[in-house]
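Geometric and topological summary
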Amino acid sequence: MINRRNFLRNASLLTLGSLVAGKTGVSHAASPVNMETAAKKSIGLQIYSLGGELTKDVPAGMKKIKKIGYSTLELAGYKDGKINGMDMMEFKKIAEDNGLKITSSHVNPPTGTYTPENRQSIMEFWKKTADDHAKLGVKYLVQPGQPSTRSVEEVAYVCDTFNEAGKIMKAAGIPFGYHNHDFEFARVVPGGKEAVFNRHNKGEIIYDLFLKGTDPSLVFFEMDVYWTVIGQNDPVEYMKKYPDRIQLLHIKDRAILGQSGFMNFEKIFEQAYKNKIKEYYVELEGMPDNRTQFEGVKDCAAYLLKAPFVK
C-alpha cells in the first residue's frame, strides 16, 4: 500500500494550486472576528489531527478543543469497542461533558486487500463496528483507507464490498461513507497490475469508478478537498458533478488552513452550501514548524471563525 500521507512525495505537485487558487488566503484569518457570526458557526474536528496530544489526557484535551471553537468531532482510532484504548462510551461522555458532539467516526477493516476468501471476516468486522457505533450514536461511519485497487476488476470488487458494508451499516441506522486521499485519482485498466498516477495515462480514475460502482443508497463520500487537489483534481468540480454523493468534507490545507495559497476555500464552501452539505471536519497533518498539533488546530479554527464565507 502506498503511504498517502507522505507530503514529500507530493511536494512537486504544489503548483496544482492553479486548479483552485483564489484570492482567499491568510487575509481572512487576520481580519477581526465578528463574534455574533462566529458563535453561530459549527466547526468539526477529526481527532486524528491531535494524535497523542489528545490521548495522553482526554478530559483536558476535550476542554481545550471546545475552548478553541470546535463543536463536533469525527473519531479515529476505533478498535474492539474502544477509541485509542478508551471505552467508547466513556470517551463520548467526556466529549459531551465538554460540550462536544461526536457525529462521525473513521474506521478501517483489518485488511487492505479484499478477496472472496476474506470477505466474510470483513463483514463480521463491520457488524461489530456497526453495533458499537449504533450505541455511540454517530450520524456517519466512514472508511478512510483505500483498499488494493490495481485493476478495473479489483476496483469493481471493492465497490461490491463497500455496498455490502453499506447494507450492514444501514441496518444499524448509520450511513456508510468513503474518504479519499490522493491515490484514488490514479488510473486503472482492465487486467492491470498496478494503478498509475498520471492524468495523461490511459485508463479510468479509481475515484470515478468508486462513485459509479457503489449504490447511492448504501455508500456516500466524504471528500478530502486537500487530497483531491494533490490528486490533480478540483473538489468544486466533483461537488458540482456529484451533489448527492459527496455528503461530508474534510477541510484541509498543506498545514494551517489558508496559508499555503493554493486552496480556494471560499469556492469550496460556496459549493458546499449550494449542495446543502451539513457537516465538515478540519483535519491537520503534521505541523511543519515544530509547534504542537493543538496550536495548529487552534489556528485552523481561527481561520474558519474569521472567514466571511463560512456560515
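Notes on the structure follow. Keep in mind the model is a prediction, meaning the values are calculated, not measured.

Next up on the list: the overall build of the protein. Scanning the protein from terminus to terminus reveals 12 helices and 13 strands. Of all intrachain contacts in the protein linking residues separated by at least 6 positions in sequence, the fraction that spans at least 24 positions is 78%. Of the roughly 14000 Å² that the protein leaves accessible, carbon and sulfur atoms contribute 52%.

A word on helix H12 (residues 293-306). Compared with an ideal rise of 1.5 Å per residue, which puts 14 residues at 20 Å, H12 spans 20 Å between its outermost C-alpha atoms and is within 8% of the ideal. Of the residues making up H12, those classed as buried are Gln-293, Phe-294, Gly-296, Val-297, Cys-300, Ala-301, Tyr-303, Leu-304 and Leu-305.

Let us now look at the pairing of strand S6 (residues 101-106). In terms of residue burial, S6 counts as a mostly covered element, since five of its six residues are buried. Looking at chain direction, strand S2 (residues 72-75) and S6 are connected through four bridges and run parallel. Each residue of the ladder has a partner; that of Leu-73, found in S6, is Ile-102. In this structure, S6 lies alongside strand S7 (residues 140-143), joined through three bridges in parallel fashion. By the bridge assignment, Ser-105 is partnered in S7 with Leu-141. Read from S6 through helix H6 (residues 119-136) to S7, the crossover connection turns out right-handed.

Burial within helix H8 (residues 206-213) is extensive, with six of its eight residues counted as buried. Here H8 has its buried residues at Ile-206, Tyr-207, Asp-208, Leu-209, Phe-210 and Leu-211.

As for its placement among the helices and strands, Tyr-242 is situated in the loop between helix H10 (235-241) and strand S12 (246-251). The class of Tyr-242 is buried, set by a relative accessible area of 13%. Considering only alpha carbons, one finds Tyr-242 and Leu-211, 31 residues apart in sequence, at a separation of 8.5 Å. When residues no more than four places from it in sequence are discounted, the contact partners of Tyr-242 are Leu-211 and Lys-212.

Taken as a whole, this structure holds 14 salt bridges when the rule is applied. The salt bridge partner of Lys-92 is Glu-96, with a shortest N-O separation of 4.0 Å. Within this pair, Lys-92 and its partner Glu-96 are both found in helix H5 (residues 88-97), separated by four residues, close to a single helical turn. For Lys-92, a relative accessible area of 17% corresponds to the buried category. Salt-bridge contacts for Asp-299 lead to Arg-291; the nearest nitrogen and oxygen are separated by 3.0 Å. Looking at Asp-299, the relative accessible area reads 27%, which means it is partly exposed. Counted as one network, the salt bridges with shared partners bring together Asp-224, Lys-252, Glu-283 and Glu-285.

Another point: the sheet that holds S7. An order of S1-S2-S6-S7-S8-S11-S12-S13 is seen for the eight strands of this closed barrel, with the pairing classed as parallel. Taken pair by pair, the neighbouring strands of this sheet meet at an average axis angle of 30°, ignoring direction. As judged from the four bridges shared by strand S8 (residues 176-179) and strand S11 (residues 219-224), these two strands associate in the parallel manner. Across the sheet, Tyr-178 pairs through a bridge with Phe-221, a residue of S11. Lying over the sheet, H8 contacts S8, S11 and S12, oriented at roughly 155° with respect to S11.

Calculation rules
Residues numbered from 1 in each chain as written. Predicted model: local features only at pLDDT ≥ 70, side-chain atom pairs only at ≥ 80, totals over all residues. Heavy atoms only, no water. Helix = DSSP H or I, 4+ residues; strand = E, 2+ residues; numbered from the N terminus. Contact = heavy atoms within 4.5 Å. Areas by Shrake-Rupley, 256 points an atom, 1.4 Å probe, with all protein chains shown as cover. Expected span 1.5 Å × (residues − 1). Buried < 20%, exposed > 50% of the residue type's maximum accessible area, 1.4 Å probe, protein only. Pairing = 2+ DSSP bridges. Right-handed = clockwise from strand over helix to strand, strands pointing away. Salt bridge = Lys/Arg side-chain N within 4 Å of Asp/Glu carboxyl O. Axes fitted to C-alpha atoms, helices over the stretch in contact; angles between N-to-C directions.

That's the geometry; what it means functionally is another story.
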